[in-house]
Amino acid sequence: MSRQSDGDLNAYDPLHSLFGSTGSEQRLDTEREQFRMLAEALPQIVWTARTDGIQDYLNRRWYEYTGMSFEDSKGEGWKQAFHPEDRPEADKRWSHSLATGEPYEAEYRCRRLDGVWRWFLGRAIPVHDAQGRIVRWFGTCTDIDDQKRTSDVHGFLAEASSLLALTLDPEETVRNLTRLVVPRLADWCAVDVVRPDETVERVSVTHTDANRETFAWQFAQHEPVDLHNAAHGPGYVMRTGESELLEVISDATLASIPRDAEGLRLLRELGLRSSLIVPMVVHGRTLGAITLAQAGSARSFSAADLPLAEELARRAALALDNARLYRESQEAVRRAQHERYLAEQARAMLDTLLDAAPAGIALFDRTLCFVRVNRTLEAINRRPAEDHLGHTMPEVLAAQQTPGVDIVVKSLRRALETGETQTVESSTRMPNGEERAWLARYAPVRSAEGTTLGVATVVLDITERKRAEAERERLIAALERSNQELDQFAYVASHDLKAPLRGIANLSQWIEEDLKDVMTDETREQMKLLRGRVQRMEALINGILDYSRAGRMRSRPERVDVGRLLSECVELLAPPAEAVVQVEPGMPTLRTERVPLQQVFLNLLGNAFKHARSSDMRVHVGVRQVDAFWEFSVADNGPGIAPEYHERIWGIFQTLRARDELESTGIGLSVVKKSVEARGGRAWLESAPGQGATFRFTWPKHIPDEGR
């Protein structure tokens, strides 16, 4: 077998087998020339083989495509142009055709003279002689790389779509994506997504070497994606929406990607010789980016790979968006279910609360028909809930025919039309003849937009309250009459008791004057003691009268200057000339009852003057604000009072020293406590033996004008 430099095939022995060796030489030459022209004109590679399968002819297209010479192609040399991964299957099929005589067909990759592998379809048919014996094989190799690539792309995308549609879980979706890509399109693949806060998170990595996947995760943590400033890489692709292709990544290019030596180490461990990064965009929103990389294989990316990668990213973005929408819808369903559960719980709690309420409660719609009643209202109206719902108040209470129904209907309509709450008191005579009193409040029910939806009503049975109020008024009137009688009795008793006492005092004075010449000193002392007992009795009667009136008799409030009131009290009490009375500046001016406050200060100042040291008498009056009260204090420098007596001294007729030692009725402090507490204040003592005594009391800053 020889190849002429000019392509002339006349000298090729194989052609004799095709056209025979007998007959007219001119006819043979013509047929050979026609075959040569046909073989050279075909775009396919044309070849022939002997019955034992050895190729003995290759047309010029073979040498032009492969760049191999005649010598390189001799024998088994032609096999070097075919991909070693495809040869076993092709040889198997060729052996089968040789053994059976069946036509031969196989797909395999053939290396072009520039080193690029392209897919070819090889076909061969046997040539038979007149007796039907196979004398030769005639074959062609047709370039199907473009068709196969297109078919593979469609098949891959169809498979990708099916795989991406398997789940609506976003995490599982991206894991399925990276597992599909590796190793069919890349040695490793990573997916990064943009979170709502515009941070970037790596969510999936797949590598042909599973042990190296950890380097991709570590690199993502070590080199966070800068979505706003990145000049290359996933950040740039996600920000601009433009794909990034690096067909060949040199060591210098690799070193420029990370920010430090550790990042470079991780990239080298991961392997990065060629990369393609495409954005995942759906409905104008960039969801993330897919990084495809070739690590150490002979494969590399080119511009021809961009359409497939971008279409894959588009479908992945659509799947992720569908998964997001599904998850959001599921969340919405769960929220709705939870809100429905809460609403049901709230309704159950509300139903329990309504039924447990002692008041009758009902809801009316805009037509003033019942839509909800509680058990109490059922009992009040003596009708079950079923007889209320969908009916108006007159329809429900038609059998009772009470005048209060008209008042209720008017109040309901007024609340609905005006949007104002109505409060109505009414009474009803029950079938047993009993009169019942009711307090009803009708309030409009509004929507969130302010539209009136209906009316809510609360009905209270106030019969017992009305009876209690009537009884209270009766008792108050009786008490007032009793107080008036008591005042009259106290006045009469005071007058009737004081008259003989004054007679005794006057008589003792007259006796002492008439017998002054014969009366002994002892007798004079006894007469003086007698008049003292009379004065004590009169003071006791006055004290009892004051105590009976304290806190009960109220006068009309007036403007009172406390500083001036204290000065008047000191003047009335006329303490010894050596006594020092200090009143703090800033005493308030109150609107209060003058006489009770004056009586309190007179008793406390009088008590201080009695118990302060006679040789160095000092009394201090202070004041300070405490919330709605003024706190007054009266302090003396007397002997003080032990803590165990701090409560006892406020009792009536209580004194700590014998009356013969210190004249006292034991009523003054009782009057103070009763007067103060009747006006909402309190009185107390701060003292210890040898440290004097400080009496404190609080008095309201303002008393309403309702004296009696």
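Structure shown above.
Presented here is an overview of the structure given in this document. Note that this is a predicted model, so its numbers are computed, not measured.

### A short note on the overall build of the protein
Part 1 of the argument: The helix and strand tally for the protein stands at 20 helices and 22 strands.
Part 2 of the argument: Across the 708 residues of the protein, 39% fall into the buried class.
Part 3 of the argument: Intrachain contacts of the protein at a sequence separation of at least 6 include 57% that bridge at least 24 residues.
Part 4 of the argument: Carbon together with sulfur atoms contributes 52% to the accessible area of the protein, which is approximately 39,800 Å² in total.

### Looking at the packing of aromatic side chains
Part 1 of the argument: Under the defined criterion, the tally for this structure stands at 13 aromatic pairs.
Part 2 of the argument: With centroids separated by 5.2 Å and ring planes inclined at 75°, the aromatic side chains of Trp94 and Tyr104 adopt a geometry described as edge-to-face. Taken as a pair, Trp94 in helix H5 (residues 87-100) and Tyr104 in strand E3 (residues 104-111) lie far apart in primary sequence, 10 residues in all.
Part 3 of the argument: Put simply, the rings of Trp47, Trp94, Tyr104 and Trp137 pair up and form one aromatic cluster.
Part 4 of the argument: Positioned above the aromatic ring of Trp684 is the side chain of Arg682, whose terminal nitrogen or guanidinium carbon lies 3.8 Å from the ring centre.

### Considering the packing of helix H19 (residues 594-611) against helix H20 (residues 668-678)
In a packed pair of helices, the relevant descriptors are the angle between the two axes and the axis-to-axis distance.
Part 1 of the argument: Taken N-terminus to C-terminus, the directions of H19 and H20 make an angle of 145°; their axes are 9 Å apart at the nearest point. Where H19 crosses over H20, the handedness of that crossing is left-handed. Contact residues: Gln599, Val600, Asn603 and Leu604 in H19; Gly668, Leu669, Val671, Val672, Ser675 and Val676 in H20.
Part 2 of the argument: Looking at the contact of H19 with H20 residue by residue, the classes come out as six nonpolar, four polar and no charged.

### With respect to the sheet that holds strand E6 (residues 188-194)
Part 1 of the argument: Taken together, the five strands give an open sheet; going across it, the order is E7-E6-E10-E9-E8, and neighbouring strands pair in antiparallel fashion. The sheet terminates laterally at strand E7 (200-207) and strand E8 (244-246), the two strands that pair on one side only. Each strand axis lies, on average, 15° off the axis of its neighbour in the sheet, ignoring direction.
Part 2 of the argument: Here E8 runs beside strand E9 (residues 274-282); their pairing, made up of three bridges, is antiparallel. By the bridge assignment, Glu244 is partnered in E9 with Ile277.
Part 3 of the argument: Sitting on the sheet, helix H12 (residues 306-356) is in contact with E9 and strand E10 (285-294), with an inclination near 40° to E9.

### What about the pairing of strand E12 (residues 370-373)?
Part 1 of the argument: One ladder, built from three bridges, connects strand E11 (residues 360-364) with E12; its direction is antiparallel. Residue pairing in the sheet places Leu363 in a bridge with Arg372 of E12.
Part 2 of the argument: Once E11 ends, the chain turns through five residues before running back antiparallel as E12, passing Leu368 with a positive phi of about 65°.

### A short note on the sheet that holds strand E5 (residues 134-143)
Part 1 of the argument: Ordered in space as E2-E1-E5-E4-E3, the five strands form an open sheet in which the pairing is antiparallel. Two strands close off the open sheet at either side, each with one partner strand: strand E2 (55-58) and E3. Across the sheet, the mean angle separating the axes of adjacent strands is 25° when strand polarity is ignored.
Part 2 of the argument: Inspection of the sheet shows strand E1 (residues 45-49) paired to E2 by three bridges, in the antiparallel sense. Paired with Trp47 across the bridge in E2 is Leu58.

### Some words on the pairing of strand E20 (residues 629-636)
Part 1 of the argument: The element E20 is extensively covered by neighbouring structure, given that seven of its eight residues are classed as buried.
Part 2 of the argument: Bridge count for strand E19 (residues 618-626) against E20 is eight bridges, and the pairing is antiparallel. Across the sheet, the residue bridging to Val619 is Asp636, located in E20.
Part 3 of the argument: The antiparallel pairing of E19 with E20 creates a hairpin that spans two residues between the two strands, and Asp627 there sits at a positive phi of about 55°.
Part 4 of the argument: Here E20 runs beside strand E22 (residues 693-700); their pairing, made up of eight bridges, is antiparallel. Counterpart to Phe632 in the pairing with E22 is Phe697.

### Things to note about the pattern of salt bridges
Part 1 of the argument: Inspection of every chain in the model, using the stated rule, returns 43 salt bridges.
Part 2 of the argument: Linking Arg112 and Asp114 is a salt bridge whose minimum nitrogen-to-oxygen distance equals 2.8 Å.
Part 3 of the argument: On the accessibility criterion, Asp114 (46% relative accessible area) is partly exposed.
Part 4 of the argument: In this structure, a network of salt bridges that share partners links the residues Arg285, Asp321, Arg324 and Glu328.

### Comments concerning the packing of helix H8 (residues 213-222) against helix H11 (residues 261-270)
Part 1 of the argument: Where H8 meets H11, the closest approach of the two axes is 9 Å, and the angle between their N-to-C directions is 155°. As judged from the angle between their axes, H8 and H11 are roughly antiparallel. Judged by the sense of rotation from one axis to the other, the crossing of H8 with H11 is left-handed. Every residue of H11 that contacts H8 at Phe215, Ala216, Gln218, Phe219 and His222 is listed here: Glu262, Gly263, Arg265, Leu266, Leu267, Glu269 and Leu270.

### A few points about the nonpolar core
Part 1 of the argument: Core analysis: the largest hydrophobic core is formed by 37 residues, its most contacted members being Leu597, Phe601, Leu605, Phe632, Phe695, Phe697 and Trp699.
Part 2 of the argument: Mapped by element, the contributors of at least two residues to this core are helix H18 (562-573), H19, E19, E20, H20, strand E21 (683-687) and E22.
Part 3 of the argument: Looking at this core element by element, the count peaks at seven residues for H19.
Part 4 of the argument: The residues contacting Leu605, other than those within four sequence positions of it, are Leu566, Cys569, Val570, Leu573, Val619, Val621 and Val634.

### Quick notes on a nonpolar patch on the surface
Part 1 of the argument: Together, Leu507, Trp510, Ile511, Leu515 and Val518 give the surface a local cluster of nonpolar side chains, amounting to about 490 Å² of exposed area.
Part 2 of the argument: Within the secondary structure, Leu507 sits in helix H16 (residues 463-514).
Part 3 of the argument: Judged by its relative accessible area of 46%, Leu507 is partly exposed.

What counts, and at which threshold
Residues numbered from 1 in each chain as written. Predicted model: local features only at pLDDT ≥ 70, side-chain atom pairs only at ≥ 80, totals over all residues. Heavy atoms only, no water. Helix = DSSP H or I, 4+ residues; strand = E, 2+ residues; numbered from the N terminus. Buried < 20%, exposed > 50% of the residue type's maximum accessible area, 1.4 Å probe, protein only. Contact = heavy atoms within 4.5 Å. Areas by Shrake-Rupley, 256 points an atom, 1.4 Å probe, with all protein chains shown as cover. Phe/Tyr/Trp six-rings, centres within 6.5 Å; stacked < 30°, edge-to-face > 60°. Lys NZ or Arg CZ within 6 Å of the ring centre and 35° of its normal. Axes fitted to C-alpha atoms, helices over the stretch in contact; angles between N-to-C directions. Left-handed = near helix turned anticlockwise from the far one by under 90°. Nonpolar A, V, L, I, M, F, W, Y, C, P; charged D, E, K, R; others polar. Pairing = 2+ DSSP bridges. Salt bridge = Lys/Arg side-chain N within 4 Å of Asp/Glu carboxyl O. Parallel < 35°, antiparallel > 145°, perpendicular 65-115°, else oblique. Core = buried A, V, L, I, M, F, W, Y, C linked by side-chain atoms within 4.5 Å. Patch = residues over 30% accessible without salt bridge, like charges linked within 9 Å, V, L, I, M, F, W, Y side chains within 5 Å.

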